Amino acid sequence: MDFNLSEDQRAIEDAARAFAAAELAPHSARWDEEKTLPVEVLRKAAELGFAGLYVQEDVGGSALSRLDASIVFEQLSYGDVAVAAFLSIHNMASWMIDRFGDDDLRRRFLPRLTTMEAIASYCLTEPGAGSDAAALKTTARRDGDHYVLNGSKAFISGAGTSDVYVVMCRTGEAGARGVSALVVEKGAPGLSFGAQEKKMGWNAQPTAQVNFDDCRVPVENRIGQEGEGFKIAMAGLDGGRINIASCSLGGAGLALDTTKAYLETRKQFGQALKEFQGLQWRLADMATELDAARLMVRRAAHALDAKSPKATQYCAMAKRFATDAGFEVANQALQLHGGYGYLRDYPLERIVRDLRVHQILEGTNEIMRVITARELFRP
């Protein structure tokens, strides 16, 4: 068991860290304030291979491992949590086309997705189907060489901005076996978007409802076979959970480092805050939780790369632990800054707002417990 990164992985980590420091961190507060998605910066990230991290090379991907991707997303999130998380969703949607789409579908969409000439969104959640994803109501009725979609998707990152929407819809019976996956292109007749949601965090990325009103989509845009959509969606979420957990590590890491520097310079009662044992212990606990979370995330990534039968369980466990720990570390960091932590002059309040949603999306942390318990009791 080797906990050290390889030489190649250290190079990937360095590249992602340098990009985050130069291109993300200096603008993060402004993007949050102005609610701006920095598309041109995302395209710069794509030039480094970050838009198709585990997409195959024949369509422009980097063909890296899930562990490599976790390293990248942790470093990018140190610069901007919301932007890194958006990029993780784009990667997840692109991978689903690459892994389960036929060669024609891959070659039509992925060369533009890996450069971020086109941006991808993932559409599973509905107004009436969140944690119970298999109960989704959006329908796709076959009409010759097209499907006709009707329904709505909720809380979709990139809605209205993205060019490609990977949509889970019902083509058959009730339940998971009646779900299929389609690629819907922006501009498709019958596709529209709701108003932008007013969110607590993740303000640097657009979020809105996606609506289908007799939306016509070519049959050739189907990913896999009819009835395979739920399996494809869940496979995507295994990796998505590692990615969002990694984003929590990066945001919490920035919160921890910012707090360490603050304790070293801030003085009260005649001495630096770092001299108070109670504060030392709190910082030590924060560092320990963060390190434990990183180990769990990387084990899950390794299990997914190795196609371990325990991969789904490990991904759920890591997502639950890392997103809870990441939020708690950021919240404690804000507390240790006192009133300054509540001000936008410091990054703490933004990190807290951005990390909070990680405990909800890619499957709530309550559902992560359901998955873990199910796997524990599996014969």
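*Asks:* Quick question: what am I supposed to make of the environment of V329 here?
*Replies:* As for its placement among the helices and strands, V329 is situated in helix α9 (residues 311–336). A sequence separation of 43 residues divides V329 from M286, and the C-alpha atoms of the two residues are 5.5 Å apart. Dropping the residues within four chain positions of it, V329 is found in contact with A252, L256 and M286.

*Asks:* Help me out: how do you make sense of unusual backbone geometry in this one?
*Replies:* Excluding glycine, residues mostly carry a negative phi; peptide bonds, for their part, are mostly trans. One non-glycine residue, F155, lies in positive phi territory at about 60°. The backbone of K307 sits at a positive phi, close to 55°, despite the residue not being glycine. Tracing the backbone through its elements, the reader meets K307 in the loop between α8 (277–305) and α9. Assessed through its relative accessible area of 73%, K307 is described here as exposed.

*Asks:* Got a minute to help me understand the layout of surface pockets in this structure?
*Replies:* A water-sized probe, rolled over the atoms, reveals where empty space remains. Here the second largest pocket defines a volume of roughly 410 Å³. Forming the walls of the second largest pocket are 14 residues, and the residues nearest its centre are D2, F3, L67, R298 and R299. Looking at which element gives the most residues to the lining of the second largest pocket, the answer is α8, with seven residues. When its residues are assigned to classes, the lining of the second largest pocket shows six nonpolar, three polar and five charged.

*Asks:* Can you walk me through the packing of helix α1 (residues 7–24) against helix α3 (residues 39–47) in this structure?
*Replies:* Between two packed helices, the angle of one axis relative to the other and the distance separating the axes together describe the packing. Contact pair α1 / α3: the axes reach a minimum separation of 11 Å and the direction vectors enclose 160°. By the angle between their directions, the pair α1 and α3 is classed as roughly antiparallel. Like other packed secondary-structure pairs, α1 and α3 cross with a definite hand, here right-handed. Contacts between α1 and α3 involve F19, E23 and L24 from the former and V41, K44 and A45 from the latter. Along the lines of polarity and charge, the residues of the contact of α1 with α3 split into four nonpolar, no polar and two charged.

*Asks:* I would appreciate a short explanation of the pattern of salt bridges in the present structure.
*Replies:* Close approach of charged atoms allows side chains with opposite charge to pair. Taken as a whole and judged by the stated rule, the model has 26 salt bridges. Among the ionic pairs, R344 bridges to E33, the shortest N-O distance being 2.6 Å. Of the two residues, R344 sits in the loop between α9 and α10 (348–356) while E33 sits in helix α2 (residues 28–34), which places them 311 residues apart along the sequence. For E33, a relative accessible area of 49% corresponds to the partly exposed category. Here D104 ties to R108 by a salt bridge, and the two come within 3.0 Å at their closest N and O atoms. One end of the pair, D104, and the other, R108, are both in helix α6 (residues 103–114), four residues apart, so they sit about a helical turn from each other. Connected through shared salt-bridge partners, D32, E33, R344, E349 and R353 make up one network.

*Asks:* Can you walk me through a nonpolar patch on the surface in this structure?
*Replies:* A cluster of nonpolar side chains, M1, F3 and L295, forms an exposed patch at the surface whose accessible area comes to about 430 Å². With respect to the helices and strands, the residue F3 is situated in the segment before α1.

Definitions and cut-offs
- Residues numbered from 1 in each chain as written.
- Predicted model: local features only at pLDDT ≥ 70, side-chain atom pairs only at ≥ 80, totals over all residues.
- Heavy atoms only, no water.
- Helix = DSSP H or I, 4+ residues; strand = E, 2+ residues; numbered from the N terminus.
- Contact = heavy atoms within 4.5 Å.
- Buried < 20%, exposed > 50% of the residue type's maximum accessible area, 1.4 Å probe, protein only.
- 1 Å grid on protein atoms, 1.4 Å probe; cavity = no way out; pocket = protein on both sides within 12 Å on 5 of 7 lines; lining within 4 Å.
- Points joined across faces, edges and corners; volume = space filled by probe spheres on them.
- Nonpolar A, V, L, I, M, F, W, Y, C, P; charged D, E, K, R; others polar.
- Axes fitted to C-alpha atoms, helices over the stretch in contact; angles between N-to-C directions.
- Parallel < 35°, antiparallel > 145°, perpendicular 65-115°, else oblique.
- Left-handed = near helix turned anticlockwise from the far one by under 90°.
- Salt bridge = Lys/Arg side-chain N within 4 Å of Asp/Glu carboxyl O.
- Patch = residues over 30% accessible without salt bridge, like charges linked within 9 Å, V, L, I, M, F, W, Y side chains within 5 Å.
- Areas by Shrake-Rupley, 256 points an atom, 1.4 Å probe, with all protein chains shown as cover.

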